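Listed below, chain by chain, are the residues.
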Amino acid sequence: MVDIGLTVFNGLAWGMATFLVAAGLTLIFGILHILNFAHGGFFMIGAYVAYSVMLAFGGTMPLWLYLVAAIAAGIAVGGMGWGVDKLILRRLRHVEDAYSLIATYALLLVCVGAVQLVWGLNYLSVMPPPALNSVVFLGDMFMPTYTIFIIACGILAFIGLEIFISHTEMGRLIRVVAADPWMAKLLGLNVRRIYLVTVVFSFALAGLAGGLLMANQSLSPELGGIFLLQAFGVVIVGGMGSIRGAFIAAILLGMIESFGTYFVPQYPGIFFLVALAVILLIKPEGIMGKEQTA
Amino acid sequence: MIDYRRRMRANLAIAVIGLVLFAVFPLVANSGLVFLAGLVAVNIVFGLSWNLLFSGVGLLSFGHAMFFAGGAYAMAVVSLRLPDLPFAGGLLLGAMTGGIIALVFGYIALRRASGVYFAVLTLAFSELVHIVITKTTFLGRNDGLVGIPRPVINLGVASIDLTSALAYYYFIIVAMAVVAFALWSFQNSPAGRLIQAIRQDPVRTAFLGTDVRSWQLTAFVLSGTIAAFCGAVMVPFAQIASPEIAYWTVSTEPILFTLLGGAGHFWGPAVGAILFGAIDYATRALYGLSEITVGMLLLGVVLLMPGGLLGFLLSRRTAARRLTGSGKRVPMANAEKAT
Amino acid sequence: MTYRISRRNLVKGAAAAGLAMPFINLRTAAAQDGPITIGIVTPLSGPVQLIGNFVRQGAEIGVAHINANGGINGRQLALEFRDSKANPNDASVAARELIGSGVNLQLGTISSAVALAMGPLLESEGGVVLTSGAGTEKLNHENYNAHVFRVGDSPVSRNAGLVRHIVQSRPEIRKWGGIIPDHEYGRTTWKIFDAAMRKIVPELTGEEAQIADPILVPYGSGDYRNYITQAMRLDVEGIYTSVYGGDAVTLYQQAKPFGLFDKIDVLLDSANEFLVATAMKDQTPAHWSGFHWYYEANKGNPLSDELYAQYVERTGNKYPMGWAAEAHAGIMAYAGAIAKAGSTETGDVIAALKGLEFDSATGKRRIRAEDNQAVKNAELAFIEPSASAPDGFAVTDYVSLDGEKVIEPATPGQPLDTTIL
């Protein structure tokens with residue numbers, strides 16, 4: 001019973017950490033229809049920026065400072081998103097999707113190279129703030145508070161994004177553009193600006209995720225690739241840029257990975273890929289299908 | 001009206017000139033460069049096989065490493081465990097391995113997915129193939145299969161000794177030139193033209209009575225077979241098959257070759273593969289700068305030359321001719337596509 | 001990280017830009033009294049560059065030492081670097097290109113797949129490579145090749161050394177578990193650990209060791225919680241791990257709140273040296289780690305003291321990894337072999353390397369003639385978090401074991417037989 005509880009808990013942690021990374025990716029995929037390889041790179045930069053902010057404050061940090069560092073990372077990476085849209089994505093809007101894909105792949109390489117130059121190759125490690133460095137017991141089940149924090153962040157990010165997309169003016173505009181950019185243009189909407197806002201917002205989410213997850217794993221120039229395939233899987237299984245779909249997909253894939261490891265420990269790390277392939281073969285349009293966007 | 005015969009002659013000439021250039025290369029270069037040139041020759045056809053799908057039927061594959069590795073490992077296993085099988089048998093088995101993987105995977109995937117979904121599906125499958133290789137003792141797991149011998153081809157009356165790296169290099173470039181030209185001929189055959197029509201307008205082509213799916217599957221199997229053939233040819237050259245060749249970064253290589261060289265041109269991937277080999281060579285002694293160099297370069301190409309290097313050069317030539325007023329249309333192989 | 005561009009490399013680069021150098025075969029041009037060039041094919045980019053940098057520093061310090069002491073038979077040593085990109089194909093291109101320009105003596109190989117690929121290549125092209133630490137046991141067993149030497153630890157001497165010391169110092173610990181990467185390297189280390197434990201524990205204590213099935217973890221994952229909860233379920237007193245680098249940091253970091261390290265008495269880490277400790281600082285779990293070279297254990301050895309001082313001076317990093325010493329030892333081995341043979345020809349150098357005894361940062365090493373494997377001390381150190389230490393951790397115990405006692409018998413061409421350890 002405790003084992004099952006922990007397996008569910010670990011699956012949720014996997015899912016919510018992945019969802020935090022995938023949220024921005026989903027948004028950009030829903031609107032611009034490109035899979036942004038560089039998302040992993042900017043997630044990594046977010047983690048490193050937050051790390052630097054933390055160092056600037058002396059290295060030990062209360063919870064509020066941890067959150068400030070994460071938000072600072074979100075703002076910094078959002079700013080980079082502005083530059084990326086102006087310099088790269090905007091120019092590729094009228095060529096085939098494959099070119100945007102390659103451009104973002106190239107950008108990922110640049111991110112990795114830049115991190116190596118700025119922060120070096122050494123492995124870095126950040127411990128959660130003291131307030132999150134304990135364990136909560138639920139009967140015999142022990143749950144690290146930082147893991148609970150990650151799960152909470154994932155759920156909050158989901159709720160926040162749902163409210164933003166469904167109940168704000170900007171969210172509505174984004175949905176309109178996602179559904180039919182040509183019609184949106186005819187209606188006199190500033191499509192270009194809405195694209196820019198989406199890209200900046202998506203990048204800011206990558207940076208924020210990097211900051212929030214900085215204490216989750218070691219920091220190194222490899223970090224960019226670690227969550228990327230997982231996040232891709234979540235976005236695709238979720239369906240064409242659907243935030244709700246991605247959220248469900250993250251939990252589903254997290255559970256499959258977690259229970260797979262529990263029952264068949266001799267094949268670690270393979271269940272996510274098998275599940276991804278099987279789900280796409282059964283329902284290639286993803287959980288939320290094609291009709292619902294953003 | 002396009003003069004097909006003239007175009008055929010022109011492209012045959014390109015293949016032959018390419019072959020001659022590769023053939024004289026060992027006279028001026030040392031053995032490391034010759035080895036690199038051999039890999040580039042394999043990469044050229046690997047890139048062409050990928051572009052058959054991309055520019056041919058409009059399918060974006062992010063998993064071509066699974067075919068390449070399939071052919072490579074089949075060849076490695078055959079050479080190590082069935083040394084009596086003739087070399088050609090190993091090549092055939094290698095190519096067939098890729099064809100079979102493509103048939104099974106394509107049969108399932110093409111019914112279901114298209115566009116980016118198809119791309120991610122190929123990526124996921126290819127990762128699975130990679131993991132399976134690293135877990136199979138028979139395939140040497142992470143350490144790979146090493147010490148793969150190069151063949152002596154017995155022709156009854158005479159035998160061709162390919163055991164030296166240089167002799168095998170000559171085998172590679174001849175084989176690759178033949179396959180490249182065969183691929184060009186296929187793309188310009190009636191079947192090849194039909195496949196291109198599918199890409200340009202799948203709905204209308206289907207309306208005209210073509211079974212779009214089965215033609216897409218045909219192209220997919222052909223592409224997988226050729227990619228696997230490339231892997232099978234490469235293995236005795238490198239004398240090792242290691243799981244790195246099944247990793248997803250290998251799948252990105254033909255994509256990079258194609259876009260760098262120009263997807264709208266049959267020989268685009270060839271130009272890209274050569275350029276990539278040159279970049280690889282130029283960055284061989286750089287400390288920690290190769291990611292950022294390759295990344296910047298790719299970004300530059302995509303942004304400044306979206307038609308790839310070949311597209312860029314040819315469009316400049318066209319513009320120059322127009323300016324001089326000759327008015328003569330430049331025969332560009334498959335160049336009518338917008339990229 | 002500093003980027004040093006020597007004038008020599010600059011000139012070479014300029015020549016290459018003029019398309020002259022790479023096309024000319026330098027073999028005939030290499031004069032008998034000019035410098036002897038040694039090729040270093042090692043990762044200079046990508047994630048493994050971290051290790052490549054240690055190799056580079058170690059080799060450069062070694063060459064500076066040889067040259068400052070009059071070179072070899074009056075000839076100076078020089079280095080030529082190539083990026084292996086940790087990939088067999090790129091490494092092959094580099095090795096062949098170097099041989100083509102007359103550089104037949106090479107070192108720096110790190111990855112096992114690359115090291116295994118080098119044998120047949122160098123045999124046909126005519127060259128020698130010394131690996132700086134490829135961890136596969138196949139190298140001096142079933143895939144033994146006369147052209148490949150390992151001047152560092154064999155995986156057996158490393159892991160059997162760890163086991164021997166732990167069993168001697170903590171004989172009361174019988175129940176062991178393991179967390180190992182799901183990779184050939186992980187399996188090799190575990191196979192040796194398991195066999196050594198099952199043999200040495202009864203030998204020293206008269207009781208059987210109880211060893212649980214190892215927990216396999218994937219490479220490059222951001223989440224090891226499921227594997228940590230698996231480990232929590234084990235009834236063990238000691239845990240052995242060969243998870244490496246960033247993965248090890250992630251694993252330890254995520255395991256900490258679960259209390260995994262409070263539950264067990266000993267954490268035995270096969271190879272991370274200071275990688276984990278410099279990242280985690282005062283959060284480092286107390287553990288024994290295997291070392292290629294631990295400078296404190298070799299204090300008083302002038303080669304070790306010089307290597308350490310030079311390394312710190314060049315990089316500002318006080319915690320050099322043992323990879324530096326292995327590359328350094330490679331240079332010392334070549335210097336010894338060339339002096340002994342009076343030649344740099346491949347065949348002569350191979351013959352001289354076989355059976356060579358030479359001084360290194362870890363003391364005397366002997367290369368076995370049968371399987372090209374060096375016999376050297378197995379070193380390990382106990383790293384603990386420490387509030388008073390400036391970097392948050394301190395080494396509170398260390399040991400250097402006689403290599404002759406922990407190495408396996410030479411059986412080139414045969415698979416490693418763990419029953420004879």
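Just so it is clear, the structure is predicted and the values come from calculations on it, not from any experiment.

### Concerning the overall build of chain B
Turning to step 1, where the next piece is worked out: For chain B, the count of helices and strands is 13 helices and four strands.
Turning to step 2, where the next piece is worked out: Compactness check: chain B gives a C-alpha radius of gyration of 20 Å against a globular reference of 20 Å for 339 residues, within 12% of the reference.

### Details of helix α12 (residues 271–282) of chain A
Turning to step 1, where the next piece is worked out: The terminal C-alpha atoms of α12 of chain A lie 16 Å apart, and with 12 residues this matches the ideal 16 Å at 1.5 Å per residue to within 8%.
Turning to step 2, where the next piece is worked out: All of the buried residues along α12 of chain A are Phe272, Leu273, Ala275, Leu276, Ala277, Ile279 and Leu280 of chain A.
Turning to step 3, where the next piece is worked out: Turning to α12 of chain A, the residues buried within the fold contact α10 (228–238) and α11 (243–263) of chain A together with α5 (115–135) of chain B.

### As for the packing of helix α12 (residues 322–341) of chain C against helix α13 (residues 346–353) of chain C
All names here are of chain C.
Turning to step 1, where the next piece is worked out: The interhelical angle for the contact between α12 and α13, taken along N-to-C directions, is 110°, at an axis separation of 8 Å. Overall, the two elements α12 and α13 adopt an arrangement that is roughly perpendicular. Where α12 approaches α13, its residues Ala333, Ala337, Ile338, Lys340 and Ala341 are matched on the opposing element by Asp348, Val349, Ala351, Ala352 and Leu353.
Turning to step 2, where the next piece is worked out: Here the contact of α12 with α13 is built from residues that sort into eight nonpolar, no polar and two charged.

### Let's talk about the domain arrangement of chain C
All names here are of chain C.
Turning to step 1, where the next piece is worked out: Its domain assignment divides chain C into domain 1 (7–153 + 298–375) and domain 2 (156–291 + 377–420).
Turning to step 2, where the next piece is worked out: For domain 1 and domain 2, the distance between their C-alpha centroids amounts to 29 Å.
Turning to step 3, where the next piece is worked out: Contacts between the two partners involve 19 residues from domain 1 and, on the opposite side, 23 residues from domain 2.
Turning to step 4, where the next piece is worked out: Class assignment of the residues belonging to the side of domain 1 that touches domain 2 gives a composition of four nonpolar, nine polar and six charged.

### Section: the confidence of the model for chain B
Residue and element names in this part refer to chain B.
Turning to step 1, where the next piece is worked out: Predicted confidence across chain B gives a mean pLDDT of 85, with 93% of residues reaching 70 or more.
Turning to step 2, where the next piece is worked out: Of all helices and strands in chain B, the one with the weakest mean pLDDT is helix α8 (residues 202–207) (73), whereas helix α3 (residues 65–81) scores best (95).
Turning to step 3, where the next piece is worked out: Long-range and interchain partners of residues 325–339, a stretch whose pLDDT sits below 50, account for 30 contacts in this model, where long-range means more than four residues apart.

### A closer look at the sheet that holds strand β14 (residues 374–375) of chain C
Residue and element names in this part refer to chain C.
Turning to step 1, where the next piece is worked out: Judged by pairing direction, the sheet is antiparallel, and its three strands sit side by side in the order β12-β13-β14 without closing on themselves. A strand with exactly one partner marks an edge of an open sheet, and here the two such strands are β12 (357–360) and β14.
Turning to step 2, where the next piece is worked out: Two strands pair when backbone bridges link them, and β12 and strand β13 (residues 363–367) are joined in this way by four bridges, in the antiparallel orientation. Bridge pairing in β13 links aspartate 359 to lysine 364.
Turning to step 3, where the next piece is worked out: Strand contacts of α12: β12 and β13, with the helix running at about 140° to β12, the strand carrying the most contacts.

### Re the environment of serine 218 of chain A
Turning to step 1, where the next piece is worked out: Of note, serine 218 of chain A is situated in the loop between α8 (191–212) and α9 (223–226).
Turning to step 2, where the next piece is worked out: As a C-alpha pair, serine 218 of chain A and valine 264 of chain A span 46 residues in sequence and 26 Å in three-dimensional space.
Turning to step 3, where the next piece is worked out: Not counting chain neighbours up to four residues away, the residues in contact with serine 218 of chain A comprise Tyr123, Leu124 and Ser125 of chain A together with Gly246, Val249, Thr250, Gln253 and Ala279 of chain C.

### A word on unusual backbone geometry
Turning to step 1, where the next piece is worked out: The phi dihedral of histidine 33 of chain A falls on the positive side, at around 60°, and the residue is not glycine.
Turning to step 2, where the next piece is worked out: At lysine 281 of chain C, a residue that is not glycine, the phi angle is positive and equals roughly 50°.
Turning to step 3, where the next piece is worked out: By the secondary structure assignment, lysine 281 of chain C is in the loop between α10 (275–280) and β11 (287–291).
Turning to step 4, where the next piece is worked out: Since 19 C-beta atoms lie within 10 Å of it, lysine 281 of chain C is described here as partly exposed.

### Section: the packing of helix α7 (residues 190–200) of chain B against helix α9 (residues 212–238) of chain B
Between two packed helices, what matters for the description is the angle formed by their axes and the separation of those axes.
Residues and elements named next belong to chain B.
Turning to step 1, where the next piece is worked out: Direction vectors running N to C along α7 and α9 enclose 115°, while the axes themselves pass 10 Å from each other. The two elements α7 and α9 meet at a crossing, and its hand is left-handed. Facing α7, whose interface residues are Leu194, Ile195 and Ile198, α9 presents Val212, Trp215, Gln216 and Ala219.
Turning to step 2, where the next piece is worked out: Broken down by class, the residue content of the contact of α7 with α9 amounts to six nonpolar, one polar and no charged.

### Brief notes about the interface of chain C and chain B
Turning to step 1, where the next piece is worked out: Contacts between the two partners involve 35 residues from chain C and, on the opposite side, 29 residues from chain B.
Turning to step 2, where the next piece is worked out: Counting only elements with at least two residues in the side of chain C that touches chain B, the list comes to β2 (77–83), α3 (88–100) and α4 (112–125) of chain C.
Turning to step 3, where the next piece is worked out: It is α3 of chain C that contributes the most residues to the side of chain C that touches chain B, 10 residues altogether.
Turning to step 4, where the next piece is worked out: Of the residues contributing to the side of chain C that touches chain B, the split by class is 15 nonpolar, 13 polar and seven charged.

Cut-offs used in this document
Residues numbered from 1 in each chain as written. Chains lettered and ligands numbered in written order. Predicted model: local features only at pLDDT ≥ 70, side-chain atom pairs only at ≥ 80, totals over all residues. Helix = DSSP H or I, 4+ residues; strand = E, 2+ residues; numbered from the N terminus. Rg over C-alpha atoms; globule rule 2.2 N^0.38 Å. Expected span 1.5 Å × (residues − 1). Buried ≥ 20, exposed ≤ 12 C-beta atoms within 10 Å, placed from the backbone. Contact = placed C-beta atoms within 7 Å. Axes fitted to C-alpha atoms, helices over the stretch in contact; angles between N-to-C directions. Parallel < 35°, antiparallel > 145°, perpendicular 65-115°, else oblique. Nonpolar A, V, L, I, M, F, W, Y, C, P; charged D, E, K, R; others polar. Domains from an automatic or database assignment. pLDDT = per-residue confidence, 0-100. Pairing = 2+ DSSP bridges. Left-handed = near helix turned anticlockwise from the far one by under 90°.

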